[in-house]
2 protein chains.
Amino acid sequence: MVQEVRNIAADVLKAMAHPIRLGVIEVLANGERTVTELYSELGCSQSMMSQQLKILCQQKLVAIRKDGTQKYCSLCNRDFLKLFDCMHTHLRQFLNFQD
Amino acid sequence: MVQEVRNIAADVLKAMAHPIRLGVIEVLANGERTVTELYSELGCSQSMMSQQLKILCQQKLVAIRKDGTQKYCSLCNRDFLKLFDCMHTHLRQFLNFQD
DNA sequence: TACAGATATTATTATATTTTTATATTCAGC
DNA sequence: GCTGAATATAAAAATATAATAATATCTGTA
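Keep in mind the model is a prediction, meaning the values are calculated, not measured.

Conventions and cut-offs
Residues numbered from 1 in each chain as written. Chains lettered and ligands numbered in written order. Predicted model: local features only at pLDDT ≥ 70, side-chain atom pairs only at ≥ 80, totals over all residues. Heavy atoms only, no water. Core = buried A, V, L, I, M, F, W, Y, C linked by side-chain atoms within 4.5 Å. Buried < 20%, exposed > 50% of the residue type's maximum accessible area, 1.4 Å probe, protein only. Contact = heavy atoms within 4.5 Å. Helix = DSSP H or I, 4+ residues; strand = E, 2+ residues; numbered from the N terminus. Near = heavy atom within 4 Å. Polar contact = N/O pair within 3.5 Å; in protein donor to acceptor, adjacent residues only side chain to side chain. Nonpolar A, V, L, I, M, F, W, Y, C, P; charged D, E, K, R; others polar.

Help me understand the nonpolar core, please; the structure alone is not making it clear to me.
As a rule of thumb, soluble globular proteins bury nonpolar side chains together. The biggest cluster of nonpolar side chains holds 66 residues, and the ones touching the most others in it are A:Val24 and B:Val24. Once you skip the residues sitting within four places of it in the chain, A:Val24 turns out to touch A:Leu38, A:Leu42, A:Met49, A:Leu53, A:Leu56 and A:Val62.

What follows is the structure, encoded as structure tokens:
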């Protein structure tokens, strides 16, 4: 990886590195959700969710399709779900955190 | 993942989400390096590297052993190297970036 | 066309991160 | 104990991110 690529990769990781945004990815792993479902399920404000979704979409982690007055969100790239397994192991093994 | 776990997972991801810190992980994938080797290879200042290493160590991504006046850095958890594969694919497939 | 539900945008404040520069510490060898 | 190489810490300024509240837009339906 050259410098420029690392900058972009860092931006993608940064987009995931937030509790709510991680939550969105986790929820969407189980299938499509509307924006309202997401912020209800994750317990944050509508405005907050809208902003976090924008960040996830910019990095093409989440895709949104419109249907009438609602928007349906889904994962672009399920490959990154591997990360959750790595993370679980890391938390247990290296940070002594029972999840 | 519950709220608290997501906070911690976000901190781990945040520790990776930086061009230099990504560079460190990448270089260390090829084996142990001293701090001097790292900042020479990655082209940043000694102070910068020292600070970035601290962040990586806090999240147990990098381990440091001392030998005389030098410190040798290595990866704690090679499992996260999977991330680089995911990332390459993502950059190509979703962000149209040739790496 | 007015209303209501769903979502987005903007502005603001608070807080955190990044980067640089200067200084400090640590330790081996003389 | 002094020196120099290797590394760490502190302080400061610039910039970015986070979070909230207020307002705007968009769209289907009465």
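Structure shown, so let's carry the discussion forward.
I tried to follow the environment of A:Gln59 on my own but got confused; where do I start?
As for its placement among the helices and strands, A:Gln59 is situated in the loop between helix H4 (46-58) and strand E2 (62-67). Under the relative-accessibility criterion, A:Gln59 is labelled buried at 15%. If we ignore the near neighbours within four places in the chain, the residues touching A:Gln59 are A:Asp11, A:Val12, A:Ala15, B:His90 and B:Leu95.

Looking at this model, I keep getting lost on the protein's contact with DNA strand D. Mind explaining?
Every one of the 19 residues lining DNA strand D counts as a neighbour, but A:Ser47, A:Lys66, B:Thr36, B:Gln46 and B:Lys71 are closest to it. Taken together, the sugar and phosphate atoms account for 60% of what DNA strand D places within 4 Å of the protein. Contact distances for DNA strand D include 3.1 Å between a phosphate oxygen and a side-chain N or O atom of B:Ser50. Interatomic distance of 3.2 Å between a side-chain N/O atom of B:Thr69 and a sugar or linking oxygen of DNA strand D. Elements with a contribution of two residues or more to the surface near DNA strand D: H4 of chain A together with helix H3 (35-42), helix H4 (46-58) and strand E3 (70-75) of chain B. It is H4(B) that provides the largest number of residues to the surface near DNA strand D, a total of five residues. Here the surface near DNA strand D is built from residues that sort into two nonpolar, 12 polar and five charged.

Scope: geometric values only; no functional claims are made or implied.
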